[in-house]
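A structural walkthrough
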Amino acid sequence: MDAVEDVKARLSIEDVISEYVQLKRAGRNFRGLSPFSNEKTPSFMVSPEKQIWHDFSSGKGGNMFSFVMEVEGLDFRAALELLARKAGLDLSQYQRSSAGSNGKLKQRLVEANELAAKFYQAHFTKNAQTVDYVFKTRHFNKQTALDFRLGYAPESGSALRTFLAKQGFSTDEMQRAGLIAWRGRDSVDMFRGRLMIPLMDPQGQVIGFTARLLKDDPKAPKYLNTPQTILYDKSRHVYGLHLAKEAIRKGKNAVIVEGNLDVIASHQVDVRQVVATAGTAITEYHLKALSRFTQDIRLAFDRDDAGLVATERAIQLAEKAGVVMSIVDTPGAKDPDELIQKDPAAWQKAVDGHTDALNWLINEYQNRADLTTYAGRDQFKQAVLSSLKRLKSRGEQDVYATKLAQILGYSKEAIFDELTLIKQDKTTYKLNQNADTRLDQKRLEVKKAQDHLLSICIKQPALRFHLKSLNDEMLSDDQGRQLMQYFVDNPDVDGVVGDDQQLSNIADYVKILNLQYEELYQDLGLLELRNEAARMQVRLIEEYVKTKKRRLSEALKTATEAEITVLLEQAKELDKLLNSHKGSRL
């Protein structure tokens, strides 16, 4: 049995995607607004016949699994599990017995946590102290409490245990779910007399809880979390992501705050791209989970020593996770919740006015150091130099070295002299977000040109001669390179649809190109198609030449006299390549 094929047989791609995108019939296909860009004219296409989707604005496309992976920020396994649930399939039937039993246990624990959340919600209004804290102290409204499923754990040590036992759950299952604990030979509810905040996975399934103490008790921790279980791992869980992911994707940024209640307060004032980790314990896994939706991550930690240390660590993790880190300040408030209570508009302004990470760190180091003493100045200098050493770009180092020199009254040369004495740290910061954005845009343009040219070549064998002057470096991905090689090997094959054995591993890509041809080109004459193919060919060559010449320019800076001659000759050849094809366009 094949789980993937069975899911495809039970679900239609248009039904899956219509849960996220409003689709309207457009001939044999469906059309809607892209969920990946802020377009006003619909360019997102779904083909029920081919069971594929394509977003013309972002260049993305694929089958129902790739769509769920993109929109939900999941890996393939998680997307398969989500779609299998929609299809009513039990994945354990497709797995080995050990894996199957583990899958069944996970499902039982999810069911136990879900029932626990409903149990706590049912007791919410029965406790006046909880109601007062939520609605009067925190100023949450009823809809917010419902959205985040806030509840109350009775003080009785066995209320939840008794309830779940009646629902058929064993004490072993309750313990594995993190809902009960053992005291000697007896079991008791893990949470008692606390405000309950369910922790949910990106699909909204309850996997654990954070519980806030409501009474003053210096012996008890203010917050208590579900212990590590097979469902809940605090080093990976991002609180509020199930409600924030759409706003993150559309706004192209995510804000990480310290507390779950900060998240709830922010969502209530319609700043919804906000999530939290377990306190300040941010990890690379948290950042990677968010990077599936955006590379623009903004931290809004409390302005205390713990917040500064956590921010420093998060900045160091940013490069590994492939994200751009910046900092959100909360002027006149110790945390986002306090700022929101004072002025919701100020919180939105703070998020929009984020500061790049290293600039923020330099300012914080400066504010905390006593620059009137030698020890304070030296401590400040070493902290900043350590951060500068991690920068990739000499230009960026120059900017911040100049700032440090101005603060200390040193020459920039002296700062660079000291910088060279610091041992190289492999961790690097990725601060130049605008450069990254421009690079991504270039890649997208190359991808679009590649796909447009190949879509024409699929249906028009006579125009495949435009591929002869291209090489693998000019295309953006392996799928395009494989299809181009297929055309070289099979120049006369007509009507490629992806069912050829040589193309079986890129069948969905070929289907997407067929859809693209049908939407854009099938009504054009051969002369118009030839012009378009030539235009796409030249665009690919232009981008290739620009990239190569940038690299040559960098190489010339350190080249010997003999190397300079060779590099200049290579530059001339690139110019010839580009001019010969520009001249051949119709």
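Residues numbered from 1 in each chain as written. Predicted model: local features only at pLDDT ≥ 70, side-chain atom pairs only at ≥ 80, totals over all residues. Heavy atoms only, no water.

1. Quick word on the pairing of strand β3 (residues 44-47)
Which entries qualify depends on this criterion: Throughout, exposure labels follow a simple rule: accessible area from a 1.4 Å probe, protein chains only, divided by the maximum for the residue type, with under 20% read as buried, over 50% as exposed, and the rest as partly exposed. Each helix is a run of H or I in the DSSP string that is no shorter than four residues. Each strand is a run of E no shorter than two, and both are numbered from the N terminus. Strand pairing is assigned whenever DSSP identifies at least 2 bridges connecting the two strands.
Going residue by residue along β3, you find Phe-44 and Val-46 tucked away on one face and Met-45 and Ser-47 tucked away on the opposite face as well. By the bridge criterion, three bridges tie strand β2 (residues 29-32) to β3 in an arrangement that is antiparallel. In the strand pairing of β3, Arg-31 is matched with Met-45. Here β3 runs beside strand β4 (residues 52-55); their pairing, made up of four bridges, is antiparallel. Within the sheet, the bridge partner assigned to Val-46 lies in β4 and is Trp-53. Where β3 folds back on β4, the antiparallel hairpin that results is connected by four residues, among which Gln-51 adopts a positive phi of roughly 60°.

2. So, the environment of Ala-357
If you trace the backbone, Ala-357 turns up in helix α16 (residues 357-368). Using a relative accessible area of 1% as the deciding quantity, one classes Ala-357 as buried. Ala-357 sits 101 residues away from Ile-458 along the chain, and the two C-alpha atoms are 47 Å apart.

3. Examining the packing of helix α12 (residues 284-291) against helix α13 (residues 305-321)
The condition is simple: Geometry is summarised by axes, namely lines fitted to C-alpha atoms with helices restricted to the contacting stretch, and by angles between N-to-C directions that run from 0 to 180 degrees. Put simply, angles under 35 degrees are roughly parallel, angles over 145 are roughly antiparallel, angles from 65 to 115 are roughly perpendicular, and the rest are oblique. Take the far helix as your reference; a near helix turned counterclockwise from it by less than a right angle gives a left-handed crossing, and one turned clockwise gives a right-handed crossing. Throughout, a contact is declared for two residues whenever any of their heavy atoms are within 4.5 Å. Charged residues are taken to be Asp, Glu, Lys and Arg, nonpolar residues to be Ala, Val, Leu, Ile, Met, Phe, Trp, Tyr, Cys and Pro, and polar residues to be all remaining types, Gly included.
In contact at an axis separation of 9 Å, α12 and α13 are set at 50° when each is read in the N-to-C sense. Looking at the two axes, α12 sits oblique to α13. Here α12 runs over α13; the crossing is right-handed. Facing Glu-284, Leu-287, Lys-288 and Ser-291 of α12, the residues of α13 in contact are Ala-314, Leu-317, Ala-318, Lys-320 and Ala-321. In terms of residue class, the contact of α12 with α13 is made up of five nonpolar, one polar and three charged.

Bear in mind that shape data such as this cannot, by itself, settle questions of function.
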